[in-house]
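Inside the fold
Spelled out from the first residue to the last, the chains are:
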Amino acid sequence: MRFRTIIITSIFIAIVSQMQAQTQVIAHRGFWKTEGSAQNSIAALLKADSIGCYGSEFDVWLTKDNELVVNHDPIYKMRSMEHSTLEELTKLRLNNGEELPSLEKYLKAAQKTNTRLILELKKLRNERQETTAVEKIVRLIKLMNLEQRVEYISFSLHAVKEFIRLAPPQTPVFYLGGELTPQELKELGCAGPDYQVGIFKKHPEWIMECHKLGMKANVWTVDKEEDMKWLIKLGIDFITTNEPLILQKQLK
Ligand code: MG
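Residues numbered from 1 in each chain as written. Predicted model: local features only at pLDDT ≥ 70, side-chain atom pairs only at ≥ 80, totals over all residues. Heavy atoms only, no water.

1. A look at the overall build of the protein
How we decide: For the purposes of this entry, the term helix denotes a DSSP run of H or I that reaches at least four residues, the term strand denotes a run of E that reaches at least two, and both are numbered from the N terminus. Two things to know: the radius of gyration comes from C-alpha atoms, and the globule rule equals 2.2 Å times the number of residues to the power 0.38. Residue burial is assigned from relative accessible area. The probe radius is 1.4 Å, only protein chains are included, and a residue is buried under 20% of its type maximum, exposed over 50%, and partly exposed in between. It only takes one pair of heavy atoms within 4.5 Å for two residues to be counted as in contact. The method behind every accessible area is Shrake-Rupley, applied with a 1.4 Å probe, and residues are considered shielded solely by the protein chains displayed.
Along its length, the protein carries 11 helices and 11 strands. Its C-alpha atoms give the protein a radius of gyration of 19 Å, near enough to 18 Å, the size a compact globule of 252 residues would have. Here the C-alpha coordinates of the protein stretch approximately 70 × 40 × 30 Å along the principal axes. Within the protein, the fraction of its 252 residues that count as buried is 49%. By sequence separation, contacts in the protein at least 24 residues apart represent 53% of the contacts at least 6 residues apart. Surface accessibility of the protein: about 12,900 Å² in total, with carbon and sulfur atoms responsible for 54%.

2. Quick word on the pairing of strand E6 (residues 116–121)
Formally: When DSSP locates at least two bridges between a pair of strands, those strands are taken to pair. Throughout, right-handed denotes a crossover for which the path from the first strand over the helix to the second runs clockwise when the strands point away from the viewer.
Most of E6 sits out of view: 6 of its 6 residues are buried. By the bridge criterion, 6 bridges tie strand E2 (residues 55–62) to E6 in an arrangement that is parallel. The residue of E6 that forms the bridge with Glu 57 is Ile 118. Sheet topology note: the E6/strand E7 (residues 150–154) ladder contains 5 bridges and is parallel. Its bridge partner lying in E7, Glu 120 is registered against Ile 153. Since E6 and E7 lie parallel, the crossover through helix H5 (residues 127–143) that links them has a hand, and here it is right-handed.

3. Overview of the coordination of the magnesium ion
Stated formally: Only nitrogen, oxygen and sulfur atoms qualify as donors, provided they sit within 2.8 Å of the metal or within 3.2 Å for Na, K and Ca; with water excluded from the atoms, sites may seem incomplete.
The magnesium ion binds to the protein through Glu 57 (OE), Asp 59 (OD) and Glu 120 (OE); the donor distances cover 2.0 to 2.2 Å. Sequence spacing of the donor residues for the magnesium ion, all on one chain, is E-x1-D-x60-E. Comparing Glu 57 with Asp 59 shows no difference in burial state: the two are buried.

4. Section: the state of the cysteines
The criterion, for reference: Our working definition of a disulfide is a cysteine sulfur pair at a distance within 2.5 Å.
Under the counting rule described, the total for this entry stands at 0 disulfides. This cysteine, Cys 190, is not joined by any disulfide, and Cys 210 carries the nearest cysteine sulfur, 10 Å off. Cys 190 sits in the buried class, given a relative accessible area of 6%.

5. Some points on the nonpolar core
Test applied: The term nonpolar core refers to a set of buried residues drawn from Ala, Val, Leu, Ile, Met, Phe, Trp, Tyr and Cys, joined through side-chain atoms within 4.5 Å.
Leu 103, Ile 137 and Tyr 152 are the most contacted members of the largest nonpolar core, which totals 66 residues. Residue contacts for Tyr 152: discarding those within four places in its chain leaves Leu 119, Ile 137, Val 138, Ile 141, Phe 163, Ala 167, Thr 171, Pro 172, Val 173 and Phe 174.

6. Some points on the environment of Ser 37
What counts is decided by this rule: Any N or O atom pair separated by 3.5 Å or less is treated as a polar contact, with the protein-specific requirement of one donor-capable and one acceptor-capable atom, and with residues adjacent in sequence counted only for side-chain atom pairs.
Among the structural elements, Ser 37 can be located in the loop between strand E1 (24–27) and helix H2 (42–50). Taking the C-alpha atoms as reference points, Ser 37 and Ala 133, 96 residues apart in sequence, are found 27 Å from one another. Leave out the neighbours within four places in its chain, and Ser 37 touches Phe 31, Trp 32, Ala 43, Ala 44, Lys 47 and Asn 96. Among the polar contacts listed, one links the side chain of Ser 37 to the backbone oxygen of Phe 31, at a separation of 2.8 Å.

7. Details of the packing of aromatic side chains
The relative placement of two aromatic rings is captured by the distance of their centres and the angle of their planes. Applied cut-off: Note on aromatic pairs: the rings of Phe, Tyr and Trp (six-membered ring only in Trp) are paired at centre separations within 6.5 Å, and the planes decide the class, stacked below 30 degrees, edge-to-face beyond 60, tilted for the rest.
In this structure the tally under the stated criterion is 8 aromatic pairs. Seen in terms of ring centroids, Phe 58 and Tyr 106 are 4.5 Å apart; in terms of plane orientation they differ by 40°. Their pairing is tilted. In this pair, Phe 58 is assigned in strand E2 and Tyr 106 in helix H4 (residues 103–110), connecting sequence segments 48 residues apart. Judged by relative accessible area, Tyr 106 falls into the buried class, the value being 0%. Three or more aromatic residues joined by ring pairs make a cluster, and in this case those are Tyr 175, Tyr 195, Phe 200 and Trp 206.

Here it is, written out as structure tokens:
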């Protein structure tokens, strides 16, 4: 009897894993490894959308005058994101000649696209700044009517908790840090982990654990074909990559 239960359970797990949605492609800092593009540029967002990526990831900072800008680096072209004003930062040029975008300008461009917006709030200099940033982001996303298309990610556990507290209840919020188990993330109200590939190499079982808990698993930054293949086989939900075209080819 017990043996039969095990067999039935195994068949059920096999069917569920077959039914699982295909791995989705998230362009890391947009699709930037292409002509006329640059990391975290509006062009990179539009190009990620044009090749049909599920999502396009980008990084957000809070400036000295409490405004929001899109960039990865804490210091870009000798300017500190957290210690410069919006005006100073948006004068800077990205490598494709585009102005460094304010979040508002970036989201205005996003309104004309279909790709999901994977918004990373960078770890800021203190928790108060992070709360201010989360409040402003959530408000702006609502104002721009993008609530159905946004997902939040952060290395800051405080920012993650604040997104969960302040964004509409069904908004996916993923944690980037890597040290929390799927169960711990579930208890926080996270949509799942968004962890570095090395973490999943140590804990491949976390992908299935996420699924059992009704969560999704995202992984960054996967640019090698062998890693892509391995993660797709394990049923990972999202792969964040600098090589979206290579990943798309793997998924065909
Ligand atoms: Mg990022």
